[in-house]
Amino acid sequence: MQTRITELFGIEHPIIQGGMHMVGYAEMAAAVSNAGGLGIITGLTQGTPDNLFREIARCRQMTDKPFGVNLTFLPAVTPPDYPGFVDAIIRSGIKIVETAGNNPAKWLPLLKEHGIKVIHKCTSVRHSLKAESIGCDAVSVDGFECGGHPGEDDVPNFILLPRAAEELKIPFVASGGVANGKQLVAALAMGADGINMGTRFIATVEAPVHPNVKKALVNASELDTRLIMRPLRNTERVLTNAGVERLLEKERTLGAKITFDDVAPEVAGVYPRIIKDGDMDAGGWSCGMVAGLIHDVPTVQELIDRIMSEADEIIRRRLDRFLRARPTPVAASA
Ligand SMILES: Cc1cc2nc3c(=O)[nH]c(=O)nc-3n(C[C@H](O)[C@H](O)[C@H](O)COP(=O)(O)O)c2cc1C
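Residues numbered from 1 in each chain as written. Predicted model: local features only at pLDDT ≥ 70, side-chain atom pairs only at ≥ 80, totals over all residues.

**Comments concerning the site of the ligand**
Close to the ligand lie 28 residues, the nearest being G18, A100, G147, G198 and G288. For the shell around the ligand, the secondary-structure elements that each account for two or more residues are β3 (67-72), β8 (195-197) and α9 (199-202). Its residues placed into classes, the shell around the ligand shows nine nonpolar, 16 polar and three charged. There are two domains that each give the shell around the ligand at least three residues, and those are domain 1 (4-208) and domain 2 (212-289). (Near = placed C-beta within 6 Å. Helix = DSSP H or I, 4+ residues; strand = E, 2+ residues; numbered from the N terminus. Nonpolar A, V, L, I, M, F, W, Y, C, P; charged D, E, K, R; others polar. Domains from an automatic or database assignment.)

Written as structure tokens, this is what we have:
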């Protein structure tokens, strides 16, 4: 399958693995790239620019295919060493960067100067247009159903994607809620040039997470995610658990008076406890509604092959059938 996204990034299939905190290590990115998609190492997860440099080198030993690095711009009192991370990306020769969280305008000239293609993650049409206007090469359009931060507009992909197609000139991928070939075809039908998946890639053999995390995804349904930190305008979609329900109870009782300190016990520093130690009740970790479509833990290669062959089958057979099987219209008077 050839799309503007496969051409832009030099990949075989129009499937991207979005940056994921504490999941986006070399093992994950290399598995996706080796299977013909675009793997992404999560920059901030590596802790320091030097560690990121080493992680990129480690990934290069696992794949000779293209892969990228995610740079998430967080609202932080003491921001991470962004100049250092950008420098590590440039020094290591990475040619694809996925930006997220905030406008990447400040970093674009430097990235472009080094021939780096930038795909920016957006949760609205207006942010996508902004990304286009500042020179991003593509956008990842994240609908309300996505795992992680869906923004505050609450527009699901069935509306957001065709709206993006109405306005954007640069290519975009459908992100949020995607797990299978049906959805890849639907995304293409709605104007996207491919898909970006987060949650689905966590339930794979190669994902470097505790087995309890994969089990939780297989057991969860589409009803099992919650939106936390809404009152702080930092909404995150997470898998529900005892910690999350405790946090939501605080949101209900404290109302508008709530501060980050109130929810910190259930969100700050819980990723290692969940993702590495498998303590599934520790608190909020990003997870999409797509959990309801996850029923197994295949290898990344099996997952991507399955998506592509299902998409192929749908395009060649199912959709074509609707045209050929169109009944002859019966005259109104008959
Ligand atoms: C566990 C987890 C961690 C994530 N961490 C990040 C992150 O650090 N930076 C980022 O830009 N997106 C992050 N995301 C969002 C994904 O890159 C992707 O946009 C999202 O998962 C798509 O929705 P889906 O989960 O329904 O596929 C994360 C998602 C998950 C599930």
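After presenting the structure, the write-up continues.
**Regarding the packing of helix α11 (residues 242-254) against helix α12 (residues 260-267)**
For the pair α11 and α12, interaxial distance at closest approach is 9 Å and the crossing angle is 170°. Comparing the axis directions of α11 and α12 gives the class roughly antiparallel. The segment α11 lies against α12, with G243, V244, R246, L247, K250 and L254 engaging D262, V263 and E266. Along the lines of polarity and charge, the residues of the contact of α11 with α12 split into four nonpolar, one polar and four charged. (Axes fitted to C-alpha atoms, helices over the stretch in contact; angles between N-to-C directions. Parallel < 35°, antiparallel > 145°, perpendicular 65-115°, else oblique. Contact = placed C-beta atoms within 7 Å.)

**As for the domain arrangement of the chain**
Segmentation of the chain into domains returns domain 1 (4-208) and domain 2 (212-289). Here domain 1 and domain 2 have C-alpha centroids that lie 23 Å from each other. Across the boundary between the two partners, domain 1 contributes 17 residues, which contact 15 residues of domain 2. For the side of domain 1 that touches domain 2, the class distribution of residues is seven nonpolar, eight polar and two charged.

**Let's talk about the sheet that holds β8**
With parallel pairing, the eight strands of this open sheet are ordered in space as β1-β8-β7-β6-β5-β4-β3-β2. The outermost strands of the open sheet, each flanked by one partner alone, are β1 (15-17) and β2 (39-42). In this sheet, neighbouring strand axes are inclined to one another by 30° on average, regardless of whether the strands run parallel or antiparallel. Bridging between strand β6 (residues 138-142) and strand β7 (residues 172-175) involves four bridges; their strand directions are parallel. Within β7, the residue paired with S140 across the bridge is V173. (Pairing = 2+ DSSP bridges.)

**Re the nonpolar core**
Counting 90 residues, the largest nonpolar core has A29, I41, V97 and V139 as the members making the most contacts within it. Built from parts of two domains, this core gets at least three residues from each of domain 1 (4-208) and domain 2 (212-289). Those residues within four positions of A29 in sequence are excluded, and the remaining contacts are Q17, G24, G39, I40, I41, C59 and F67. (Core = buried A, V, L, I, M, F, W, Y, C linked by C-beta atoms within 7 Å. Buried ≥ 20, exposed ≤ 12 C-beta atoms within 10 Å, placed from the backbone.)

**Details of the environment of L303**
Along the chain, L303 falls in helix α14 (residues 300-324). Residue classification places L303 among the buried positions, given that 26 C-beta atoms sit within 10 Å. On a C-alpha basis, the gap between L303 and V77 in space is 39 Å, while along the polypeptide they are 226 residues apart. Beyond its immediate stretch of four places on either side in the chain, L303 contacts T204 and P298.

**Brief notes about the packing of helix α2 (residues 26-34) against helix α3 (residues 49-62)**
Taken N-terminus to C-terminus, the directions of α2 and α3 make an angle of 35°; their axes are 9 Å apart at the nearest point. Pair α2 / α3 crosses with right-handed handedness. Contact residues: A26, A29 and A30 in α2; E55, R58, C59 and M62 in α3. (Left-handed = near helix turned anticlockwise from the far one by under 90°.)

**Observations concerning the environment of V238**
Within the secondary structure, V238 sits in strand β10 (residues 236-239). With 26 C-beta atoms counted inside 10 Å, the residue V238 sits in the buried group. Taking C-alpha positions, V238 is 4.3 Å from S286, a pair spaced 48 residues apart along the chain. Once residues within four sequence positions are removed from consideration, V238 is found in contact with T225, R226, I228, V244, G284, W285, S286 and C287.

**A few points about unusual backbone geometry**
Located in the positive-phi region is M22, a residue other than glycine, with phi close to 65°. Here M22 is to be found in the loop between β1 and α2.

**Let's talk about the pairing of β6**
Within β6, five of the five residues are buried, which leaves the element mostly enclosed by the surrounding structure. Of the two faces of β6, the one carrying A138, S140 and D142 and the one carrying V139 and V141 are both buried. By the bridge criterion, four bridges tie strand β5 (residues 117-122) to β6 in an arrangement that is parallel. Residue pairing in the sheet places I119 in a bridge with A138 of β6. Taken together, β5, helix α6 (residues 125-134) and β6 form a β-α-β motif whose crossover is right-handed. (Right-handed = clockwise from strand over helix to strand, strands pointing away.)

**Regarding α6**
Along α6, the positions that sit buried rather than exposed are V125, S128 and A131. Taken end-on, α6 shows its buried residues confined to a sector of 120°, consistent with a single buried face. Seen from the open side of α6, the exposed residues pointing more than 90 degrees away from its buried face are R126 and S133. On the buried face of α6, the contacting elements are β5, β6, α7 (157-167) and β7. Immediately downstream of α6, the backbone of G135 shows phi near 105°, a positive value. (Arc of directions from axis to C-beta.)

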